Amino acid sequence: MRKVLVIGAGGQIGTELVMRLGDKLGTENVIAADVKSECPLGLKGSQYVELDALDRDKVRSFIINEKITEVYLLAALLSATAEKNPDFAWRLNMEGLFTILDLAKEGYIKKIFWPSSIAVFGPTTPRKDTPQRTTMEPTTVYGISKQAGERWCEYYHQKHGVDVRSIRYPGLISYTSLPGGGTTDYAVDIFYQAKLGNHFTCFLEKDTRLPMMFMEDAIRATIELMEAPIEQIKIRSSYNLSGCDFTPAEIAREIEKHIPTFHISYQPDFRQAIADSWPGSIDDSEAREDWGWKEIYKLPDLVKVMLENVDVHLLT
Ligand code: SER
């Protein structure tokens, strides 16, 4: 019997993951948790509890009392926001992880999902088809916290047998809820402005290539990884995962095919340096070999589905 808790469920990944897990396991077996007292709009219809990932005692007693078997720990500050609040970002991104890893070590939780990111790589990493194992010298607070988290996940697995599974998500593109505070967020914002008929000012240069993925692929990957037989999970730090990759100019050109009047200009800000330190494309052959990963969405499908579905009312 699986009983799942998604912490940080109100964010871009959580709102869709809770829905999909609810469809699979029954909404009575999936609890969404976030720091807000009110259930966020995107989680209506699911079981909701107010839970601060940093409140170790409350998280512990909730998980133990509710007999939670599986935790998805999504609460984190993303790359751009973390640069503005490094102390808090480090605390949030690390302390919550230890709370959950310890509960698993003590036998209360059977399985953990914890997201890592392409931000674990840095300027000294090979940018093209970045391998699973390579030089990793992240230069952002977010990247440092994700890299440290990856090491701790592997450590808890090796020392204590904790079944923790992880993906290095690329930039995630979705329409159900808005992203917040990431360097890849331009590739979501662009659709809202295009649909509103507005000019789009991109905070990255036109040729900045980054790895990206449509949310449906990302959720499917997460569920497939979590359901894969334990002997197939050979990497306990975090799996490289690739969907597609593109530059701002390329996504703009694809949008123009649907909205010929669309216009983009470029005004790079502090996020350019973050993007420049990250890979342009990812080699995910180990995820493909170990648990059969295969993406569906490439740039043209992603643009089509986004333009069909973004709801500009989410902006208000
Ligand atoms: N999308 C994230 C960010 O831009 C990367 O993991 O911060």
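Definitions and cut-offs
- Residues numbered from 1 in each chain as written.
- Predicted model: local features only at pLDDT ≥ 70, side-chain atom pairs only at ≥ 80, totals over all residues.
- Heavy atoms only, no water.
- Phe/Tyr/Trp six-rings, centres within 6.5 Å; stacked < 30°, edge-to-face > 60°.
- Helix = DSSP H or I, 4+ residues; strand = E, 2+ residues; numbered from the N terminus.
- Buried < 20%, exposed > 50% of the residue type's maximum accessible area, 1.4 Å probe, protein only.
- Pairing = 2+ DSSP bridges.
- Contact = heavy atoms within 4.5 Å.
- Axes fitted to C-alpha atoms, helices over the stretch in contact; angles between N-to-C directions.
- Disulfide = S-S within 2.5 Å.
- 1 Å grid on protein atoms, 1.4 Å probe; cavity = no way out; pocket = protein on both sides within 12 Å on 5 of 7 lines; lining within 4 Å.
- Points joined across faces, edges and corners; volume = space filled by probe spheres on them.
- Nonpolar A, V, L, I, M, F, W, Y, C, P; charged D, E, K, R; others polar.
- Left-handed = near helix turned anticlockwise from the far one by under 90°.
- Near = heavy atom within 4 Å.
- Polar contact = N/O pair within 3.5 Å; in protein donor to acceptor, adjacent residues only side chain to side chain.
- Areas by Shrake-Rupley, 256 points an atom, 1.4 Å probe, with all protein chains shown as cover.
- Sits in = over half its atoms within 2 Å of the grid points.
- Core = buried A, V, L, I, M, F, W, Y, C linked by side-chain atoms within 4.5 Å.

Draft legend 1. Representation of the packing of aromatic side chains. Applying the stated criterion across every chain, the model contains 11 aromatic pairs. Seen from their ring centres, Y186 and F203 are 6.2 Å apart, and the 85° between their planes marks the pair as edge-to-face. Of this pair, Y186 sits in helix α6 (residues 186-196) while F203 sits in the loop between β10 (200-202) and β11 (210-214), and the two are 17 residues apart along the sequence. Ring centres of F214 and Y297 lie 4.4 Å apart, and the angle between their planes is 55°; on these two criteria the pair is classed as tilted. Within this pair, whereas F214 is found in strand β11, its partner Y297 is found in the loop between α10 (285-291) and α11 (299-309), the two being separated by 83 residues in sequence. Taking the relative accessible area as the measure of exposure, F214 reaches 3% and is therefore buried.

Draft legend 2. Spotlight on the sheet that holds strand β4 (residues 70-73). Taken in spatial order, the 6 strands of this open sheet run β3-β2-β1-β4-β5-β7, and their pairing is parallel. Among the strands making up the open sheet, the edge pair consists of β3 (47-50) and β7 (164-165). Bridge analysis of strand β1 (residues 4-7) against β4 gives 4 bridges, and the strand direction is parallel. Across the sheet, residue L5 finds its bridge partner in β4, namely V71. Sheet contacts for helix α4 (residues 86-105): β1, β4, β5 (111-113) and β7; angle to β4, the most-contacted strand, approximately 165°.

Draft legend 3. View of the state of the cysteines. Across all of its chains, the model carries 0 disulfides by this definition. Of all cysteine sulfurs in the structure, the one in C244 sits closest to C202, which takes part in no disulfide; the separation is 15 Å. Overall, C202 belongs to the buried group, its relative accessible area being 0%.

Draft legend 4. Looking closely at unusual backbone geometry. You will see that K67, though not glycine, has its phi angle at about 55°, which is positive. Looking at K67, the relative accessible area reads 63%, which means it is exposed. The backbone phi angle of D129 is positive, close to 45°, even though this residue is not glycine. Considering the arrangement of structural elements, one finds D129 in the loop between β6 (116-117) and α5 (141-160). Take D129: its relative accessible area is 40%, and that puts it in the partly exposed class.

Draft legend 5. Quick look at the sheet that holds strand β12 (residues 239-240). The 3 strands lie next to each other as β6-β8-β12, forming an open sheet whose pairing is parallel. Since the sheet does not close on itself, it has two edges, and those belong to β6 and β12, each with one partner. Pairing of β6 with strand β8 (residues 167-169), which is carried by 2 bridges, proceeds in the parallel orientation. Along β8, the bridge assignment pairs S116 with R168.

Draft legend 6. Spatial organisation of the layout of surface pockets. Its volume calculated, the largest pocket comes out at about 870 Å³. If you go around the largest pocket, you meet 41 residues; those closest to its centre are G11, L74, A76, L78 and G180. Mapped by element, the contributors of at least two residues to the lining of the largest pocket are α1 (12-25), α3 (79-84), α4, β6, α5 and β9 (171-173). It is α1 that provides the largest number of residues to the lining of the largest pocket, a total of 3 residues. Of the residues in the lining of the largest pocket, the class split is 22 nonpolar, 14 polar and 5 charged. Estimated volume of the second largest pocket: approximately 270 Å³. A breakdown of the residues in the lining of the second largest pocket according to their chemical character gives 4 nonpolar, 7 polar and no charged.

Draft legend 7. Here's a closer look at the packing of helix α2 (residues 56-65) against α4. Where α2 meets α4, the axes come as close as 10 Å, and the angle between the chain directions of the two elements is 35°. Judged by the twist between their axes, the crossing of α2 over α4 is right-handed. Contacts between α2 and α4 involve R56, V59, R60, I63 and I64 from the former and F98, T99, I100, D102 and L103 from the latter. Classifying every residue of the contact of α2 with α4 gives 6 nonpolar, 1 polar and 3 charged.

Draft legend 8. Looking closely at the site of the ligand. As a matter of local geometry, the ligand sits amid L78, S79, S117, Y142, G182, T183, T184 and W278. Between the ligand and the protein, one listed contact pairs an oxygen atom with a side-chain N or O atom of Y142 at 3.2 Å. At a separation of 2.6 Å, an oxygen atom of the ligand approaches a polar backbone atom of T183. The protein chains hide 93% of the 240 Å² of surface that the ligand would expose on its own. Applying the majority rule of atoms within 2 Å of the grid points places the ligand in the largest pocket. Its residues assigned to classes, the shell around the ligand shows 3 nonpolar, 5 polar and no charged.

Draft legend 9. Examining the nonpolar core more closely. With 71 residues, the main nonpolar core has L5, I100, I173, Y186, F191 and I251 as its most contacted residues. Contact partners of I251, with chain neighbours within four places excluded, come to Y186, A187, I190, F191, F246, L299 and V303.

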